[in-house]
Amino acid sequence: MDRSDWRQDRRRVKHLLQEEQSQGEVFVQGWLRTVRRSKEVAFLALNDGSCLDNLQIVVGEGSSAFAVASQLGTGACVGVRGEMVASPGEGQSWEVQAEQVIVYGETDDRFPLQKKRHGFEFLRSIAHLRPRTNAFGAVFRMRSSIAHAVHCFFQQRGFIYVHTPIITANDCEGAGEMFRVTTLNPENPPRVDGRIAWHDDFFGSKTGLTVSGQLQAELFATAFTDVYTFGPTFRAENSNTSRHASEFWMIEPEVAFADLAVNCQLAEDFFRFMVEHALEHCQEDLAFFNKFIDKGLIARLEKVVGTAFQSMSYTEAIERLQKSGQNFDFPVEWGCDLQSEHERYLTEQIVGGPLFVTDYPEGIKAFYMRSNDDGQTVAAMDLLVPKVGEIIGGSQREERLDMLQHKMRSFDILPESLDWYLDTRRWGNCPHAGFGLGFERFLMYVTGRENVRDVIPFPRTPGNARF
Ligand code: 4AD
Ligand code: MG
């Protein structure tokens, strides 16, 4: 490859297509989505990932590039130099009359993305190639843009971004769903009295991949007031649903001097900010989803931006579900965990929009949530949204040391094992609250995609970590 041809004067397709005037001779690089040719002319649809649209490259029989272009197939990687001219064809403003075509990467007819449309199931089996389709190009451009919006929201409000650890000795959610991290020999681990001697392991204790950065975020909130984490999260939960991934990304703000009401307001503002961002900055990709994946998507997002979220207590939610006359697979009674079918009925049928459910029974929520005065419920909140169900889980935290220690014991957690965490309650304690938003769940909501595997580049789910 001639280095002088490389990048220096390269233009991105997105910017070229937006130009008001021809830029004269231009140089573009990308991958061919389609190749059509006759004896006199070849049409190459070039995509460089900067936008959904392709740039049409026209190679006339008279051009010295015609022989090269005639050999090209779908999927090939090329650079093209040529004159940018108004396109007589429909659907595009500009095209390029090629004078030179450089072939970086050839292809052949075994390249799997020859057809225009493929099923998502098939595309999951070629996750290494699916970014080169329209649907996944749109998803991953939106994922990038919305990740940026997460930082904008919190940074504009003075929150400090904390990188909480990925390897940890604590199961924050207490659900025992951690992936083990170890350097012990699996064939013959050291044992004491028949039990594995974890103190001989690399970190001197039993460690795993984090299920949540919350406990460490709480510590940082006692120094910086308002903090957030945004990082990978791991759960070894063997549930093969369309909403659970074993590796996903979570955003967790933690706010000092906040109660449950402040927490819900922050969650609502954050959620709305991100939807507004998508409507404003991801128009082309959203329009694609609205046309091909979910016809009501844009109208639904626009409505969400303009309406205040509703809220009801868990107790009221149970009453409303019981009165609904619906036949649920899982029976509804006070004290039960809300199943996905219940959550979706509440947000889709009863409310018809986002819904905060608050004040859950103590027994079905994590140990760190603050006990309410009724002695039965905790200051918890879940945000439920149509089509996805639970998208946010959060709470006011139990800041009273004795109550927290008591609660830990009743959950079979040794207070000594989280001594460092309890220190926040010993010195300079304050009321505080926070929540976690599942980034993939949010992307499902905002793209209309119904499977978590289709909004994360390389999904990890039970039985699947191939790519
Ligand atoms: O409700 P969760 O388990 O809450 C926590 O982890 C708290 N420590 C958060 C906090 O208060 N700082 O998880 C929060 C969110 C869920 O509402 C869901 O959106 C997402 O994380 N989530 C998952 N997303 C994809 N795959 C999974 N297996 C998920 N588990 C949770
Ligand atoms: Mg939850």
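What comes next is a walk through the structure. Predicted model only: the values in this text are computed from it and were never measured. (Residues numbered from 1 in each chain as written. Chains lettered and ligands numbered in written order. Predicted model: local features only at pLDDT ≥ 70, side-chain atom pairs only at ≥ 80, totals over all residues. Heavy atoms only, no water.)

1. Re the overall build of the protein chain
For clarity, the cut-off: Numbering goes from the N terminus for both helices and strands, where a helix is a DSSP run of H or I of at least four residues and a strand is a run of E of at least two. Relative accessibility thresholds used throughout: buried, under 20% of the residue-type maximum; exposed, over 50%; partly exposed, between the two (1.4 Å probe, protein chains only). A 1.4 Å probe and the Shrake-Rupley method give the accessible areas. Residues count as covered only by the protein chains that appear here.
A count of helices and strands for the protein chain gives 13 helices and 18 strands. With respect to the three principal axes, the spread of C-alpha positions in the protein chain is 85 × 55 × 45 Å. Burial analysis of the protein chain (467 residues in total) assigns 51% to the buried set. For the protein chain, the exposed area adds up to about 22,500 Å²; of that, 49% sits on carbon and sulfur atoms.

2. A word on the sheet that holds strand 8 (residues 180–181)
Here is the rule: Two strands qualify as a pair provided that DSSP identifies no fewer than 2 bridges between them.
With antiparallel pairing, the three strands of this open sheet are ordered in space as 7-11-8. In the strand order of this sheet, the two ends are held by strand 7 (167–168) and strand 8, each with one partner. With two bridges connecting them, strand 8 and strand 11 (residues 207–209) associate as antiparallel partners. Counted as the bridge partner of arginine 180 is glycine 208 from strand 11.

3. Quick notes on the site of ligand 1
This is how it is decided: Near is defined per residue: the residue qualifies when any heavy atom it owns lies within 4 Å of the molecule or strand. As used in this structure description, the phrase polar contact means that two N or O atoms lie within 3.5 Å; if the pair is within protein, one of them must be able to donate a hydrogen and the other to accept it, and residues adjacent in sequence are counted only when both atoms belong to side chains. Each residue is assigned to one class: nonpolar for Ala, Val, Leu, Ile, Met, Phe, Trp, Tyr, Cys and Pro, charged for Asp, Glu, Lys and Arg, and polar for all the others, Gly among them.
Close to ligand 1 lie 23 residues, the nearest being Glu173, Gln214, Arg235, Glu252 and Glu390. Between ligand 1 and tyrosine 368 there is a distance of 3.4 Å, counted from a nitrogen atom to a side-chain nitrogen or oxygen. When isolated, ligand 1 has an accessible area of 630 Å², and the protein chains bury 93% of it. At the level of secondary structure, the elements contributing two or more residues to the shell around ligand 1 comprise strand 13 (247–256), strand 17 (389–396) and strand 18 (432–438). Here the shell around ligand 1 gets five residues from one element, more than from any other, and that element is strand 17. Residues of the shell around ligand 1, tallied by class, amount to seven nonpolar, eight polar and eight charged.

4. Observations regarding the packing of helix 8 (residues 297–306) against helix 13 (residues 439–447)
Helix packing geometry: the angle between the two helix axes and the distance between the axes. What counts here: The convention used is that axes are lines fitted to C-alpha atoms, helices contributing only their stretch in contact, and that angles between N-to-C directions extend from 0 to 180 degrees. The cut-offs work like this: below 35 degrees is roughly parallel, past 145 is roughly antiparallel, 65 to 115 is roughly perpendicular, and the gaps in between are oblique. The contact criterion used is simple: two residues touch if any of their non-hydrogen atoms lie within 4.5 Å.
Two elements in contact, helix 8 and helix 13, have axes whose closest approach is 8 Å; the angle formed by their N-to-C orientations is 115°. Accordingly, the angle class assigned to the pair helix 8 and helix 13 is roughly perpendicular. Here Leu297, Arg300, Leu301 and Val304 of helix 8 come into contact with helix 13, specifically with Tyr445, Val446 and Thr447. Classifying every residue of the contact of helix 8 with helix 13 by side-chain character gives five nonpolar, one polar and one charged.

5. A short note on the state of the cysteines
Here is the rule we go by: A pair of sulfur atoms, both from cysteines and within 2.5 Å, is called a disulfide here.
What the rule picks out here adds up to zero disulfides. Left unpaired, cysteine 152 is separated from the closest cysteine sulfur, that of cysteine 282, by 12 Å. Residue class for cysteine 152 comes out partly exposed when judged on its relative accessible area of 23%. Exposure remark for cysteine 282: the relative accessible area of 4% places this residue in the buried category.

6. Some remarks on the side chain of asparagine 170
In this fold, asparagine 170 is placed in the loop between strand 7 and strand 8. Accessibility expressed as a relative area gives 15% for asparagine 170, which makes it buried. With residues near it in sequence (within four places) discarded, asparagine 170 still touches Met178, Leu215, Gln216, Ser417, Leu418 and Trp420.

7. Brief notes about the side chain of glutamate 343
We count it as follows: Charged-residue counts in this description rest on Lys and Arg as positive and Asp and Glu as negative, His and the chain ends being excluded. Whenever a carboxyl oxygen of Asp or Glu lies within 4 Å of a side-chain nitrogen of Lys or Arg, that contact is scored as a salt bridge.
With respect to the helices and strands, the residue glutamate 343 is situated in helix 10 (residues 340–351). Within the buried core, glutamate 343 has no salt-bridge partner, and the shortest N-O distance to an opposite charge, that of arginine 243, equals 4.2 Å. Excluding residues that lie within four positions of it along the chain, glutamate 343 makes contacts with Arg243, Leu338, Leu384, Gly389 and Glu390.

8. Here's the deal with the packing of helix 6 (residues 260–281) against helix 13
Filter applied, for reference: Take the far helix as your reference; a near helix turned counterclockwise from it by less than a right angle gives a left-handed crossing, and one turned clockwise gives a right-handed crossing.
Between helix 6 and helix 13, whose axes approach to 11 Å, the crossing angle comes to 50°. Between helix 6 and helix 13, the interaxial angle falls into the category oblique. Considering only the axes of helix 6 and helix 13, their crossing is right-handed. Residue-level contacts link Phe271, Met274, Val275 and Ala278 of helix 6 to Phe442, Tyr445 and Val446 of helix 13.

9. Here's the deal with unusual backbone geometry
Its identity as a non-glycine residue notwithstanding, phenylalanine 257 has a phi of 60°, on the positive side. Examined against the element boundaries, phenylalanine 257 turns out to sit in the loop between strand 13 and helix 6.

10. With respect to helix 10
This is how the line gets drawn: Helix span, as expected, comes to 1.5 Å for every residue beyond the first.
Its 12 residues give helix 10 an end-to-end C-alpha distance of 15 Å, which sits within 8% of 16 Å, the value for a rise of 1.5 Å per residue. When we look at burial in helix 10, the residues that qualify are His342, Glu343, Tyr345, Leu346, Thr347 and Val351. Immediately downstream of helix 10, the backbone of glycine 352 shows phi near 70°, a positive value.

11. As for the pairing of strand 3 (residues 55–60)
Of all six residues that make up strand 3, five are buried, and the element is covered over most of its length. Pairing geometry for strand 2 (residues 41–47) and strand 3, over six bridges, is antiparallel. Bridged to alanine 42 within strand 3 is valine 59. Where strand 3 lies against strand 5 (residues 94–105), three bridges are found, and the strand directions are parallel.

12. Quick notes on the environment of glycine 49
Positionally, glycine 49 belongs in the loop between strand 2 and strand 3. Using a relative accessible area of 35% as the deciding quantity, one classes glycine 49 as partly exposed. As for glycine 49 and valine 13, which are separated by 36 residues in sequence, their C-alpha atoms are 8.2 Å apart. With residues near it in sequence (within four places) discarded, glycine 49 still touches Arg12 and Arg141.

13. Some thoughts on the sheet that holds strand 18
Strand order across the open sheet formed by eight strands is 6-12-13-18-17-16-15-14, with mixed pairing between neighbours. On the outer flanks of this sheet lie strand 6 (160–161) and strand 14 (310–313), each paired with one strand and no other. Bridge count for strand 17 against strand 18 is five bridges, and the pairing is antiparallel. When the sheet's bridge partners are listed, isoleucine 392 is paired in strand 18 with leucine 437.

14. What about a nonpolar patch on the surface?
Heads up, the rule is: Without a salt bridge and with relative accessible area above 30%, a residue can belong to a patch; like charges are then joined within 9 Å and nonpolar side chains (Val, Leu, Ile, Met, Phe, Trp, Tyr) within 5 Å.
A cluster of nonpolar side chains, Ile166, Ile167, Phe202 and Phe203, forms an exposed patch at the surface whose accessible area comes to about 400 Å². As for its placement among the helices and strands, isoleucine 166 is situated in the loop between strand 6 and strand 7. Judged by its relative accessible area of 39%, isoleucine 166 falls in the partly exposed class.

All we've got here are geometric facts, nothing functional implied.
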